[in-house]
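In case you want the letters, here they are:
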Amino acid sequence: MDSSMRWDCLLKQVERFVGIVAVLLLISLGLELYARLIQEQASFAGLLLLEFLASWIHVLGVSCLALVPVLLLVRARTSCR
């Protein structure tokens, strides 16, 4: 298998995974911006809930992004030879 075919095989599943991570990070950013926009009108509990959700979605997205190199290595070792 030449190198271009191997990279195609490696990146097939990783592209989908990175897309999901990007959506998670965009949702986190959207919640954060929405909390900033409604800061004057909303209650404290509502703002606290938005900040809580935004921070945990951000943590989930960044931790999944850290798994991308591991996913690449596992896929290179097992299926794409």
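So, a few notes on the structure that sits alongside this text.

Rules and cut-offs
- Residues numbered from 1 in each chain as written.
- Predicted model: local features only at pLDDT ≥ 70, side-chain atom pairs only at ≥ 80, totals over all residues.
- Heavy atoms only, no water.
- Core = buried A, V, L, I, M, F, W, Y, C linked by side-chain atoms within 4.5 Å.
- Buried < 20%, exposed > 50% of the residue type's maximum accessible area, 1.4 Å probe, protein only.
- Helix = DSSP H or I, 4+ residues; strand = E, 2+ residues; numbered from the N terminus.
- Contact = heavy atoms within 4.5 Å.
- Arc of directions from axis to C-beta.

1. Re the nonpolar core
Grouped together as the largest cluster of nonpolar side chains are 7 residues: Leu24, Leu31, Ala35, Leu47, Leu50, Ala54 and Ile57. Put simply, the parts of the chain that give this core at least two residues each are helix 1 (3-37) and helix 2 (44-66). A total of 4 residues in this core trace back to one element, the largest contributor, which is helix 2. With residues up to four places along the chain from it excluded, the contact list for leucine 50 reads Leu31, Tyr34, Ala35 and Ile38.

2. Focus: helix 3 (residues 68-78)
Those residues of helix 3 not exposed but buried are Val68, Arg75 and Ala76. Projection of helix 3 onto a plane perpendicular to its axis shows the buried side chains occupying an angular sector of 100°, all on one side. More than 90 degrees from the buried face of helix 3, the exposed residues found are Leu73, Arg77 and Thr78.

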